[in-house]
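One-letter residues, chain by chain:
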Amino acid sequence: MQVKEFDVVILGGGPAGLSAGMYAARGNVSTAIVDINMLGGQPSNYLDLENYPGYSKIGGYELMEKFEEHADKFGIQKFAMQEIKRIDLVSNPKVILTNDIEFHAKSIIIATGASPMKLGIAGELEFLGRGVSYCAVCDAAFYKDKVVAVVGGGNSAVEESIYLTKFASKVYIVHRRDELRADKIIQQRAFNNDKIEMIWNSCVREIKGQDTVSSLTLENMKTGEFAELSVDGIFPYIGICPNVEGFSGQISQDKLGFIMTDETMKTSVDGVYAVGDVRVTPLRQVITAASDGAIAAVYAVRYIESLKEITV
Ligand code: NAP
């Protein structure tokens, strides 16, 4: 087992982690980014972003490549595809143990993001990859000229529905209320799209099929009536849950598991910061994730400098 020592180890290489990496390395501390996947995070799967300042439209993958290239310039070390075995945030040094490396860090910045929430209904796991998908950009092409349903009323559900209309012949948006949560500009695009039909006040209760999905059982929340909807696929976009496996319970979290921080991104544990979608935050965007990363890295560098003063 190799031991690698760094001043700062950043867990997660999405926009928050890459921004933190860039700022930490510029702060002249040794910096590593460790990720269980490739670097780039969730935005790598977004088709286009239209709300990152400086770019009226840019592919998610392309923007994340630019983030990574920029962080590379300042000499961060990157460890992708790491299987994480143990994380100890409280020990001194802090430890992240992967299959073949034991990382020791003075400070850790958690940038692990969030994952799609599951509906938790019959058929959801059974038909995963056979009609159930959580990534329209990845799987939309499989639904050329087919009928699909998207569940949810937030930005993700509505944006991904619009994307799915490039392939599918029909996209139902099944929403539990009669009003969308998504930004008004995105809502308007969906309402203007002939291929999109709204199914209001409805929840999906079961996903049915033989080899692949063929229908959904819907419950009308106002009337209590049940109905069958024929579809070839379903894309649940009902929100996100924080990726905190391996360290949940070592720091203060809210009841959903999102990490609590102060305005410097500091968590309840000295030297540990949390940034981006994994923390309690009023806005989850690439721009806010990048901003969080910058703030956390500046304060992590100050924390490391304060340790030197204590040692001297
Ligand atoms: P979200 O904003 O939390 O929306 C989740 C949607 O799913 C809501 O409409 C909610 O209904 C519905 N829902 C929740 N639980 C449900 C259940 N059990 N059954 C049926 N419906 C359920 O989540 P999101 O769209 O994934 O977005 C996550 C964050 O990323 C947000 O902050 C969002 O703004 C951000 N984001 C931004 C962009 C962008 O700016 N371009 C793109 C994607 C995501 P209610 O409305 O009734 O609560």
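Before going into details, it helps to say that this report is about the structure given with it. Residue numbers run consecutively from 1 along every chain, following the written order of its sequence. Given that this is a predicted model, residues contribute local features only at a pLDDT of at least 70 and side-chain atom pairs are listed and counted only at 80 or more, while totals for whole chains, interfaces and linings are drawn from all residues. Side-chain metrics in this entry use all non-hydrogen atoms of the structure; hydrogen atoms and water are not considered.

Numbered from the N terminus, helices here are DSSP runs of H or I no shorter than four residues, and strands are runs of E no shorter than two. Summing up its helical and strand segments, the protein chain has six helices and 18 strands in all. Reported as C-alpha extents along the three principal axes, the dimensions of the protein chain are approximately 70 × 40 × 35 Å. Any two residues having at least one pair of non-hydrogen atoms within 4.5 Å are treated as being in contact. Partitioning the contacts of the protein chain with sequence separation of at least 6, the portion at a separation of at least 24 is 59%. Using the Shrake-Rupley algorithm and a 1.4 Å probe, accessible areas are obtained, with residue cover drawn only from the displayed protein chains. Carbon and sulfur atoms make up 50% of the accessible area of the protein chain, which amounts to about 15400 Å² in all. For the purpose of charge, His is not counted, nor are the chain termini; Lys and Arg are scored as positive and Asp and Glu as negative. For the purpose of locating charges, the reference atoms are NZ of Lys, CZ of Arg, CG of Asp and CD of Glu. Here the protein chain holds 31 positive side-chain charges and 40 negative ones, and the gap between their average locations is 2 Å.

Looking now at the site of the ligand. Whether a residue is near a molecule or strand is decided by its heavy atoms; if any one of them lies within 4 Å of it, the residue is near. Neighbouring the ligand are 16 residues, the closest being Gly 153, Glu 159, Arg 177, Arg 181 and Gln 285. Any pair of nitrogen or oxygen atoms within 3.5 Å is treated as a polar contact; in protein, a donor-acceptor pairing is required on top of that, and neighbouring residues in sequence qualify only through side-chain atoms on both sides. Note that an oxygen atom of the ligand is positioned 3.4 Å from one of the backbone N or O atoms of Gly 154. Within the side chain of Asn 155, one N or O atom sits 3.0 Å away from an oxygen atom of the ligand. When the free accessible area of the ligand is taken as 920 Å², the share hidden by the protein chains comes to 78%.

This part covers the packing of helix α4 (residues 155–164) against helix α5 (residues 184–191). Note on geometry: axes are lines fitted to C-alpha atoms, helical ones only across the stretch in contact, with angles between N-to-C directions running from 0 to 180 degrees. Two elements in contact, α4 and α5, have axes separated by 9 Å at closest approach and are oriented at 35°. At the point where α4 passes α5, the crossing takes the left-handed sense. Together, Asn 155, Val 158, Glu 159 and Ile 162 of α4 and Ile 186, Gln 187, Arg 189 and Ala 190 of α5 make up the contact between the two elements. Less than a right angle of anticlockwise turn of the near helix away from the far helix marks a crossing as left-handed, whereas a clockwise turn marks it as right-handed.

As a further point, take the pattern of salt bridges. Salt bridges, as used here, are contacts in which a Lys or Arg side-chain nitrogen is within 4 Å of a carboxyl oxygen on Asp or Glu. Tallying each qualifying case throughout the model produces 13 salt bridges. Here Glu 83 makes a salt bridge to Lys 85, at a shortest N to O gap of 3.4 Å. The exposure class of Glu 83 is partly exposed, given its relative accessible area of 46%. One salt bridge in this structure joins Asp 270 and Lys 266, with 3.4 Å as the shortest N-O distance. For every residue, the accessible area (1.4 Å probe, protein chains only) is compared with the maximum for its type, and the residue is labelled buried under 20%, exposed over 50%, or partly exposed between those bounds. On the accessibility criterion, Asp 270 (48% relative accessible area) is partly exposed. Here Lys 266 falls in the partly exposed class, since its relative accessible area comes to 26%. A network of salt bridges, in which partner residues are shared, links Glu 68, Asp 72 and Lys 78.

Shape is all these values report; function is a separate question.
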